[in-house]
Amino acid sequence: MTDAIQTENLVESSLRESWELFKDDLVLYLVATLLVFVISAVTLGICAGPMIVGFIQLVRKRMRGQEGTATDVFDGFSEFGASLIAMILIGIGVFIGSVLLVLPGLIFGFITAFTFHAIALDGLGATSAIGQSYRLIKENLAPSFALLLIVAVLNAIGGSIIFGSLLATPFSLIVMTIAYQRLRGATHADSI
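Below is a summary of the structure that appears in this document.

Some words on the overall build of the protein
When you go through the protein residue by residue, the secondary structure sums to nine helices and zero strands. For the protein, the sequential pattern of α-helices and β-strands runs α-α-α-α-α-α-α-α-α. Computed over the C-alpha atoms, the radius of gyration of the protein is 16 Å, within 12% of the 16 Å expected from 2.2 N^0.38 for a compact globule of 192 residues. Reported as C-alpha extents along the three principal axes, the dimensions of the protein are approximately 40 × 35 × 35 Å. Within the span of the protein, comprising 192 residues, buried residues form 45% of the whole.

Points about unusual backbone geometry
Notably, L44 is not glycine yet its phi reads approximately 55 degrees, a positive angle. The residue L44 is located in the loop between α2 (26-42) and α3 (48-63) in this model. Residues other than glycine seldom take positive phi values, yet F163 does so here, at roughly 65 degrees. Counting through the fold element by element, F163 comes out in the loop between α8 (141-160) and α9 (165-183).

Things to note about α3
Between its first and last C-alpha atoms α3 spans 23 Å; for 16 residues at 1.5 Å apiece the expected length is 22 Å, and the two agree. Counting buried residues along α3, 14 of its 16 residues qualify, which places the element largely inside the surrounding structure. Phi turns positive one or two residues past the end of α3, at G65, with a value near 85 degrees.

Section: the pattern of salt bridges
For the structure on display, the rule yields six salt bridges. K61 is the partner of D72 in a salt bridge, and the nearest nitrogen-oxygen pair spans 3.1 Å. Separated by eleven residues along the polypeptide, D72 in the loop between α3 and α4 (80-101) and K61 in helix α3 bring together distant segments of the chain. The exposure class of D72 is buried, given its relative accessible area of 11%.

Brief notes about the packing of aromatic side chains
The way to describe two aromatic rings as a pair is by their centre distance and the angle between their planes. Taken as a whole and judged by the stated rule, the model has nine aromatic pairs. Relative to F171, the ring of F22 has its centre 5.7 Å away and its plane inclined at 65 degrees; by these criteria the two rings are edge-to-face. Here the residue F22 occupies a position in helix α1 (residues 3-24), and F171 occupies one in helix α9, the gap between them amounting to 149 residues. By the burial criterion, F22 is buried, and F171 matches it. Judged by centre distance (6.1 Å) and plane angle (10 degrees), the rings of F77 and F80 are stacked. Taken together, W19, F22, Y29, F55 and F171 form an aromatic cluster joined through their ring pairs.

With respect to the nonpolar core
Residues Y29, F55 and I174 are the most contacted members of the largest nonpolar core, which totals 46 residues. Among the elements that make up this core, the one with the highest residue count is α9 (nine residues). Excluding its chain neighbours within four sequence positions, the residues that come into contact with F55 are Y29, A32, T33, V36, V73, P170, L173 and I174.

Details of a nonpolar patch on the surface
Among the surface-exposed residues, I88, I92, F95, I96, V99, L100 and L101 lie close enough to one another that they form a single nonpolar patch of about 750 Å² accessible area. Tracing the backbone shows F95 in helix α4. Overall, F95 belongs to the exposed group, its relative accessible area being 57%.

What to know about the packing of helix α6 (residues 115-122) against helix α7 (residues 126-139)
At their nearest, the axes of α6 and α7 sit 7 Å apart, and the two run at 115 degrees to each other. You can see that α6 and α7 cross each other, and the crossing is right-handed. Residues T115, A118, I119 and D122 of α6 pack against A126, A129, I130, Q132 and S133 of α7. The class makeup of the residues in the contact of α6 with α7 is five nonpolar, three polar and one charged.

Thresholds, definitions, all that
- Residues numbered from 1 in each chain as written.
- Predicted model: local features only at pLDDT ≥ 70, side-chain atom pairs only at ≥ 80, totals over all residues.
- Heavy atoms only, no water.
- Helix = DSSP H or I, 4+ residues; strand = E, 2+ residues; numbered from the N terminus.
- Rg over C-alpha atoms; globule rule 2.2 N^0.38 Å.
- Buried < 20%, exposed > 50% of the residue type's maximum accessible area, 1.4 Å probe, protein only.
- Expected span 1.5 Å × (residues − 1).
- Salt bridge = Lys/Arg side-chain N within 4 Å of Asp/Glu carboxyl O.
- Phe/Tyr/Trp six-rings, centres within 6.5 Å; stacked < 30°, edge-to-face > 60°.
- Core = buried A, V, L, I, M, F, W, Y, C linked by side-chain atoms within 4.5 Å.
- Contact = heavy atoms within 4.5 Å.
- Patch = residues over 30% accessible without salt bridge, like charges linked within 9 Å, V, L, I, M, F, W, Y side chains within 5 Å.
- Areas by Shrake-Rupley, 256 points an atom, 1.4 Å probe, with all protein chains shown as cover.
- Axes fitted to C-alpha atoms, helices over the stretch in contact; angles between N-to-C directions.
- Left-handed = near helix turned anticlockwise from the far one by under 90°.
- Nonpolar A, V, L, I, M, F, W, Y, C, P; charged D, E, K, R; others polar.

Encoded structure:
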């Protein structure tokens, strides 16, 4: 399979499946996103990592057809240490890279895009999750770049509209979760 076909398949299938999942549980994802935003803000970002991990775990539940509630985002606190350390390491890497000329910071952010997914779905520690994200993106550079570019544009548009982030953020996390599953070779939702 060529990179162009693989890219098209990954992007199209991830977006299509994400839209179905998102529209079927719109209120669930909106309330869960509000919880992630509020808890992250109140804790000055310290709990952002665990809340994102919890959101990804909620998406996994819904992909499997299991019941889920917005408060399931708090389940991410079971991975508090790994997600906090990963967030700190990614923040440091992006900061140092940005100081060096901006592009290295963007590249580091790009290669660590699936870190929280590796923590949430595979139970990896912080450095192992960063390594897993790097390997997936390195092995699937073109499809990963295309998908992450689309997600970045969606988030930029969402962030420029009042309350747009409430829609763009959960949809983007769903897209990334489905893409992570596909990139690591899972054949169906039950395998994650």
